[in-house]
Amino acid sequence: IFKLKKSCPEKFSFLKNTIGIRVINNVLLNNVIKKTGPLAATSANVSGDKTPVFFEDISEKIKNKAGFLLKNDRCIKGRSSTVIDLTGDRLKILRK
């Protein structure tokens, strides 16, 4: 999580004046990003819900609101991402 710069559109900030950046270890998605530029994306689950293991485990709420879905069970690891807050003087691990 980083402090949101004034040059960044507000639509990319969902939590106050911060923005989360996801580093993806997936060849297909990285190739899409190289072609399209940065993507605004949500997690595969709603905060607090069980982390999906397969595409079918993703809630209909997420699927129905998505503008684009890529069905690839190899992308879903069944574990939550590490979240690091870099908005202060020291990094703070919020979720490991």
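Residues numbered from 1 in each chain as written. Predicted model: local features only at pLDDT ≥ 70, side-chain atom pairs only at ≥ 80, totals over all residues. Heavy atoms only, no water.

**Student:** Any chance you could break down the environment of Phe55 for me, citing the residues and the numbers?
**Tutor:** Its place among the elements puts Phe55 in the loop between helix H1 (27–36) and helix H2 (60–65). Judged by relative accessible area, which is 12%, Phe55 ranks as buried. With 17 residues separating them along the chain, Phe55 and Asn72 place their C-alpha atoms 7.0 Å apart. (Helix = DSSP H or I, 4+ residues; strand = E, 2+ residues; numbered from the N terminus. Buried < 20%, exposed > 50% of the residue type's maximum accessible area, 1.4 Å probe, protein only.)

**Student:** An account of a nonpolar patch on the surface is requested, with residue identities and associated values reported.
**Tutor:** A cluster of nonpolar side chains, namely Phe2, Ile21, Ile84, Leu86, Leu91 and Ile93, defines an oily patch on the protein surface of about 540 Å² accessible area. With respect to the helices and strands, Ile93 occurs in strand S4 (residues 92–95). Owing to a relative accessible area of 48%, Ile93 belongs among the partly exposed residues under this scheme. (Patch = residues over 30% accessible without salt bridge, like charges linked within 9 Å, V, L, I, M, F, W, Y side chains within 5 Å. Areas by Shrake-Rupley, 256 points an atom, 1.4 Å probe, with all protein chains shown as cover. Salt bridge = Lys/Arg side-chain N within 4 Å of Asp/Glu carboxyl O.)

**Student:** Which residues make up the pattern of salt bridges, and what values do they have?
**Tutor:** Scanning all chains against the criterion turns up one salt bridge. Residues Glu60 and Lys63 are paired through a salt bridge, measuring 3.7 Å at the closest nitrogen-oxygen approach. Residue Glu60 and its partner Lys63 are located together in helix H2, separated by three residues, close to a single helical turn.

**Student:** Outline the side chain of Asp85, listing residues and values.
**Tutor:** Here Asp85 lies in strand S3 (residues 83–85). Buried within the structure, Asp85 lacks any salt-bridge partner; Lys92 is the closest side chain of opposite charge, at an N-O distance of 5.8 Å. Among the polar contacts listed, one links the side chain of Asp85 to the side chain of Thr87, at a separation of 2.5 Å. Sequence-distant contacts of Asp85, defined by excluding residues within four places in its chain, comprise Ile1, Arg90, Leu91, Lys92 and Leu94. (Lys, Arg positive; Asp, Glu negative; His and termini not counted. Polar contact = N/O pair within 3.5 Å; in protein donor to acceptor, adjacent residues only side chain to side chain. Contact = heavy atoms within 4.5 Å.)

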